[in-house]
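# Coordinate inspection notes
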Amino acid sequence: MKKGICILGATGSIGVSTLDVVARHSHLYKVIALTANTNIVDLYEQCLVHHPEVVVVVNEAKAEEFKVQLKDSPVSDIEVLSGVKALEHVATLDNVDSVMAAIVGAAGLLPSLAAAKAGKTILLANKEALVMSGTIFMQAVTDSGAQLLPIDSEHNAIFQCMPAAYVSGMQAKGVRRILLTASGGPFRSMPIEQMRDVTPAQAVAHPNWDMGRKISVDSATMMNKGLEMIEACLLFDMQPEQIQIVIHPQSVIHSMVDYVDGTVLAQMGNPDMRIPIAYSLAWPERFDSGVAPLDIFKVARMDFEEPNLQRFPCLRLAYQAIHAGGIMPTVLNAANEIAVEAFLNEQLRFTDIAVIIEHTMAKFEATTADTLELVLAADAEARVVANHLIVALSH
Ligand code: NAD
Ligand code: MG
């Protein structure tokens, strides 16, 4: 029997890589559902190749346009849905076994959570969803018996280095620390005083990874690593003090697990997201990902440094948020999404991203975040505050 798969965010960088891997193993998978926000051009091509049963185009006008386009096409039988509720619907369809959660940002929370509650196998790329909802998400996974497999390359590496039969959310026996690697992004060695003039084009040009725009900016500010530190605490039931961020510019080691006996296990490979995607799709087995074998002689050397919190204040803010607890990680994430968007729209300087997040966090108390309503309210309020601060800063 083929496994049914739903890809939330099919037209994005992770979505495209997932379809690439799925196409290599089409005898094992049936693509049931694909979703996009507005990009119906790429979605149409994907429909021709993968022929899903249903697609969601969140934007209603684009969905109408897409229906017209499908009418006289070879794939006219595909059902087209629109609106955010439709994302939850396709993520929980009976014939869907695995859900690739690859929407960017908070927009991915409700469908990913719906998949978790429905007991699906969740391939989680959408780290913002986990960071903002924290224990609520992990509890939903535990309660339904869903399988949570991390797609983020670092967390996938950690998962691979965990003891046999490890389950996400459990504290693994004998693990002392996690060494969470980071490339350091494009500005690792730029003189700090030049960072305020960084342009969006410079920030999205990552030295090792080809990713969507938002995560590329997060990598440049290192907020990505801050979010990943929080993600690791949740996925592996660790304290922030047990996570050491390590700058490793070659991006060959994707993270390490340090055991109490002094053993350190690392997962290595070329920096290509098809590796963690293929691992999670094939889990607990393995199959070809399409990625070239690692040429260890070409790698030749590997460097490791401690991160500089003065250069990367977003890292400090992420530690501050997780220590404060409650709604603070939600506020951190929301303020970051707003600030990054403003930076990409050239309304904010690169170095002011951290300023906006810090000032937004200062406006909130770390009240409890134990219901979804509280999380969504904190997310919405933090966005309003961050937007106000951006307007105030530009005047
Ligand atoms: P992307 O910008 O390339 O793609 C985003 C996808 O989400 C698109 O399909 C888009 O249509 C959809 N989308 C955007 N806004 C939406 C909305 N409001 N409602 C519904 N759908 C929406 O992003 P990406 O780089 O593929 O990243 C996706 C997620 O995976 C992010 O959470 C990112 O942090 C995580 N991730 C990405 C990489 C990578 O290499 N790209 C690595 C690790 C983790
Ligand atoms: Mg990562």
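In the block above lies the structure referred to throughout.
I will try to describe carefully the structure that is included in this document. Keep in mind that this is a model prediction, so the values were computed, not measured.

Here we take up a nonpolar patch on the surface. There is a patch of nonpolar side chains on the surface, built from Met268, Ile296, Phe297, Met302 and Phe304 and spanning about 520 Å² of accessible area. Mapped onto the secondary structure, Met268 falls in strand β11 (residues 264-268). Among the residues examined, Met268 registers a relative accessible area of 39% and is labelled partly exposed.

Those protein atoms acting as donors to the magnesium ion (ligand 2) are Asp152 (OD), Glu154 (OE) and Glu228 (OE), and they sit at 2.1 to 2.2 Å. Each donor residue of the magnesium ion (ligand 2) lies on the same chain, and together they follow the pattern D-x1-E-x73-E. With a gap of 74 residues between them, Glu154 in helix α8 (residues 153-161) and Glu228 in helix α11 (residues 223-236) connect regions that are remote in the sequence. The exposure class of Glu154 is buried, given its relative accessible area of 9%. Look at Glu228 and you get buried, because its relative accessible area is 1%.

All right, on to the nonpolar core then. Membership of the largest hydrophobic core comes to 138 residues, with the highest contact counts inside it found for Phe66, Phe236 and Leu332. Residues lining this core come from more than one domain, with at least three contributed by each of domain 1 (3-150) and domain 2 (160-393). Among all residues touching Leu332, those that are not within four sequence positions of it are Met223, Leu227, Ile230, Leu317, Ala318, Ala321, Ile357 and Met361.

What follows concerns helix α12 (residues 274-282). What sets the pattern is the α-helix's 3.6 residues per turn: residues three or four places apart point alike. The buried fraction of α12 is high, at eight of nine residues. Taken residue by residue, α12 has Arg274, Pro276, Ile277, Ala278, Tyr279, Ser280, Leu281 and Ala282 as its buried positions.

The environment of ligand 1 is made up of 22 residues, and the closest members are Thr11, Ser13, Ile14, Glu128 and Gly212. A distance of 2.8 Å is found between an oxygen atom of ligand 1 and a side-chain nitrogen or oxygen belonging to Thr11. Contacts to ligand 1 include Glu128, whose side-chain N or O atom sits 2.6 Å from an oxygen atom. Contact with the protein chains removes 86% of the 830 Å² of surface that ligand 1 exposes when unbound. Counting residues per element, the ones that place at least two in the shell around ligand 1 are α1 (13-24) and α6 (127-133). Of the residues in the shell around ligand 1, the class split is twelve nonpolar, seven polar and three charged. When residues are assigned to domains, the shell around ligand 1 turns out to be shared by domain 1 (3-150) and domain 2 (160-393), each giving three or more.

What follows concerns helix α17 (residues 372-393). Spanning 22 residues, α17 covers 31 Å between terminal C-alpha atoms, matching the ideal 32 Å at 1.5 Å per step. Along α17, the residues classified as buried are Leu372, Val375, Ala378, Asp379, Ala382, Arg383, Ala386, Leu389 and Ile390. Down the axis of α17, the buried side of the element spans an arc of 140 degrees, and every buried residue falls inside it. Seen from the buried face of α17, the exposed residues on the opposite side, beyond 90 degrees, are Glu373, His388 and Ala392. At its buried positions, α17 is contacted by α5 (109-117), α6, α7 (135-144), α15 (328-344) and α16 (352-362).

Rules of the game
Residues numbered from 1 in each chain as written. Chains lettered and ligands numbered in written order. Predicted model: local features only at pLDDT ≥ 70, side-chain atom pairs only at ≥ 80, totals over all residues. Heavy atoms only, no water. Patch = residues over 30% accessible without salt bridge, like charges linked within 9 Å, V, L, I, M, F, W, Y side chains within 5 Å. Areas by Shrake-Rupley, 256 points an atom, 1.4 Å probe, with all protein chains shown as cover. Salt bridge = Lys/Arg side-chain N within 4 Å of Asp/Glu carboxyl O. Helix = DSSP H or I, 4+ residues; strand = E, 2+ residues; numbered from the N terminus. Buried < 20%, exposed > 50% of the residue type's maximum accessible area, 1.4 Å probe, protein only. Donors = N, O, S within 2.8 Å, 3.2 Å for Na, K, Ca; no water. Core = buried A, V, L, I, M, F, W, Y, C linked by side-chain atoms within 4.5 Å. Domains from an automatic or database assignment. Contact = heavy atoms within 4.5 Å. Near = heavy atom within 4 Å. Polar contact = N/O pair within 3.5 Å; in protein donor to acceptor, adjacent residues only side chain to side chain. Nonpolar A, V, L, I, M, F, W, Y, C, P; charged D, E, K, R; others polar. Expected span 1.5 Å × (residues − 1). Arc of directions from axis to C-beta.

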